[in-house]
Amino acid sequence: MRDVQLEWLAAQVMDELPSLEARAAVQALLVDVAGHPDWWPAPGGEEIAHAFGTWCWISYVTYANGLEVRDIGWAQ
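Presented here is an overview of the structure given in this document. None of the values given here were measured: they were computed from a predicted structure.

**Some thoughts on the environment of Ser19**
Among the secondary structure elements, Ser19 is positioned in the loop between helix H1 (8–16) and helix H2 (20–34). Separated by 53 residues in sequence, Ser19 and Ile72 have C-alpha atoms that sit 14 Å apart.

See the structure below:
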């Protein structure tokens, strides 16, 4: 698997999620996206992609060595 980096805003949001369930859902989505490079936009960090779970979403960019998560959202 490639590297996954959380941009400072995404890391802050992870710390502020309302429950362990929310954190687990976001982590599962991150693992799912990291495991499917065919879903990723072209590397280079210019195109932002979004992935959605049942109650969460992530915004990320890609580079040759992996993903950078720019933002995380939680709806509940």
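The discussion continues.
**A look at the pairing of strand E4 (residues 66–74)**
Bridge count between strand E3 (residues 56–63) and E4: eight bridges; the pairing is antiparallel. Considered in E4, the bridge of Thr62 is made with Leu67. Taken together, E3 and the strand that follows it, E4, pair antiparallel across an intervening segment of two residues.

**What about the nonpolar core?**
Leu17, Val26, Val33, Ile58, Tyr60 and Ile72 are the most contacted members of the largest nonpolar core, which has 20 residues in total. Among the secondary structure elements, those contributing two or more residues to this core are H1, H2, strand E2 (49–52), E3 and E4. Among the elements that line this core, the one with the most residues is H2, at six residues. Excluding its chain neighbours within four sequence positions, the residues that come into contact with Leu17 are Ala22, Arg23, Val26 and Trp74.

**Focus: the side chain of Thr62**
Structurally, Thr62 is set in strand E3. Of the residues examined, Thr62 reaches a relative accessible area of 1% and is grouped as buried. Only 3.2 Å separates the side chain of Thr62 from the backbone oxygen of Ala42, close enough to count as a polar contact. Not counting residues within four places of it along the chain, the set of residues in contact with Thr62 comprises Trp40, Pro41, Ala42, Pro43, Gly44, Gly45 and Leu67.

Procedures and definitions
Residues numbered from 1 in each chain as written. Predicted model: local features only at pLDDT ≥ 70, side-chain atom pairs only at ≥ 80, totals over all residues. Heavy atoms only, no water. Helix = DSSP H or I, 4+ residues; strand = E, 2+ residues; numbered from the N terminus. Pairing = 2+ DSSP bridges. Core = buried A, V, L, I, M, F, W, Y, C linked by side-chain atoms within 4.5 Å. Buried < 20%, exposed > 50% of the residue type's maximum accessible area, 1.4 Å probe, protein only. Contact = heavy atoms within 4.5 Å. Polar contact = N/O pair within 3.5 Å; in protein donor to acceptor, adjacent residues only side chain to side chain.

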